[in-house]
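# Notes for the structure review
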Amino acid sequence: MTAFHVRPLLEGTTLPMLFEAAGEGLALGASLPAMREAVERHLRTGGGVLFRGFSLDDADAFRAFAADFGHPLLTYEFGSTPRSQVTSGVYTSTEYPPHQHIPLHNEQAYTRDWPMKIWFYCMQAAPEGGETPIADSRTVFAAMPETIRRRFIDKGLMYVRNFGNGLDVPWQQVFGTKDRAEVEAYCAKHAIACEWKEDGELRTRQVCQGAARHPVTGEWVWFNQAHLFHVSNLEPEVRESLLDIVEDEADLPRNVLYGDGTPIDDAALDAVRGVLERHRISFPWQAGDVMMLDNMLTAHGRAPFKGPRKVIVAMAEAQSAQ
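Remember, it's a predicted structure, so these values are computed and weren't measured experimentally.

### Things to note about the environment of Gly53
Here Gly53 is to be found in the loop between strand 3 (48–52) and helix 2 (59–67). Judged by its relative accessible area of 47%, Gly53 falls in the partly exposed class. Between the C-alpha atom of Gly53 and that of Leu28, which follows or precedes it by 25 residues, the distance is 8.8 Å. Leave out the neighbours within four places in its chain, and Gly53 touches Ala21 and Gly23.

### Concerning the sheet that holds strand 1 (residues 4–8)
Taken in spatial order, the 8 strands make up an open sheet running 1-2-3-16-7-19-5-4, and their pairing is mixed. Looking along the sheet, the strands with just one partner apiece sit at the ends: strand 1 and strand 4 (85–87). The sheet shows a mean angle of 25 degrees between the axes of neighbouring strands, direction not considered. For strand 3 and strand 16 (residues 290–294), the ladder comprises 4 bridges, and the chain directions are antiparallel. Its bridge partner lying in strand 16, Leu50 is registered against Met291.

### Re the nonpolar core
Core analysis: the largest hydrophobic core is formed by 43 residues, its most contacted members being Phe120, Leu157, Trp222 and Met291. No other element matches the 5 residues that helix 9 (residues 266–278) contributes to this core. The residues contacting Met291, other than those within four sequence positions of it, are Val49, Leu50, Ile118, Trp119, Phe120, Thr132, Ile134, Phe283 and Trp285. Listed in part, the 27 residues of the second largest apolar core include Leu32, Phe51, Phe62 and Phe65.

### Here we look at the pattern of salt bridges
Pairing between side chains becomes possible if they bear opposite charge and their charged atoms approach one another. If you walk through the whole model with that rule in mind, you get 15 salt bridges. A salt bridge links Asp154 to Arg150; the shortest N-O distance between them is 3.3 Å. Separated by 4 residues within a single helix, Asp154 and Arg150 lie in helix 4 (residues 146–155), roughly one turn from each other. One salt bridge connects Arg273 with Asp270, and the closest N-O pair in it is separated by 3.1 Å. Taken as a pair, Arg273 and Asp270 lie in helix 9 at a separation of 3 residues, close to a single helical turn.

### Regarding the side chain of His230
Positionally, His230 belongs in the loop between helix 7 (226–229) and helix 8 (236–246). When neighbours within four sequence positions are excluded, His230 is seen to be in contact with Asn255, Val256, Ile264, Asp266, Leu269 and Arg273.

### Some thoughts on unusual backbone geometry
At the junction of Leu15 and Pro16, the peptide bond is cis and its omega measures out at -5 degrees in the coordinates. Examined against the element boundaries, Pro16 turns out to sit in the loop between strand 1 and strand 2 (17–21). Even without a glycine there, the phi angle at Gln108 is positive, about 60 degrees. Structurally, the position occupied by Gln108 is in the loop between strand 6 (102–105) and strand 7 (113–124). Classification of Gln108 by relative accessible area gives buried; the value is 7%. In this structure, Ala191 takes a positive phi of about 55 degrees despite not being glycine. As for its position among the elements, Ala191 is in the loop between helix 6 (180–189) and strand 11 (193–196).

Basis of the calculations
- Residues numbered from 1 in each chain as written.
- Predicted model: local features only at pLDDT ≥ 70, side-chain atom pairs only at ≥ 80, totals over all residues.
- Heavy atoms only, no water.
- Helix = DSSP H or I, 4+ residues; strand = E, 2+ residues; numbered from the N terminus.
- Buried < 20%, exposed > 50% of the residue type's maximum accessible area, 1.4 Å probe, protein only.
- Contact = heavy atoms within 4.5 Å.
- Pairing = 2+ DSSP bridges.
- Axes fitted to C-alpha atoms, helices over the stretch in contact; angles between N-to-C directions.
- Core = buried A, V, L, I, M, F, W, Y, C linked by side-chain atoms within 4.5 Å.
- Salt bridge = Lys/Arg side-chain N within 4 Å of Asp/Glu carboxyl O.

Encoded structure:
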């Protein structure tokens, strides 16, 4: 008797493919050997799977399950959002206030190094909202207006970050050190230009991909976070207030330009957001769910929520830009 059933979770799409326990009390980790081949096949073709109805005790069991796919779990280096470590290789999901919407994105697509696999474990589903919407990055790439797609591919993107000053994550937290020399060494290794400003804070610039080819399937995917980093992502009053504080856009906590340093107009990013929204796939979490994504094939986000919610994250299989 098969210990699990496989079917699309939602009508009309195989993202995510549902792997559902056939009975009560089946441990997710113990069930993996029987599911592994099908999971990896659906991950490669569809981009994501959802495990539901299995038993999973805690964060350590989640860590073991993710690690059993054969790659060491990754640390959250050069992160752009606040997270806390839960256990080795496992972190809280982005700790933004519950009322905030986190747009669809591929994890760490604002760098030249990212995880290929990412797992989300819903330990507690919010009573209202709190979904983790997803989208097929191949479909998004194909649906992007040709002029925008071509410009992003040809020019690439320059991400500019100004750390600390109470406006963004401190560089000490992002790099996991208080030693400037260690920060400089990390930046040199990862093709990140860095400078120490007069106030002692850090500014970095890195030119990255606007789109990329998947290393296994060879398919083009939309792979960047321009729509998150660009100043147009801010609410108008927040944008105005920040510019009053920093005076110069170069000192904004984060922003993005084309790779040659020329600005990206707001309208282009509005069009990008529109494509992402049209291809958003959403479903409610159930406590105990684990979602596994190919991070290049599938983007993810977070819907606002009310009440308690606990979703933790693990990442593995480092990949670098070619």
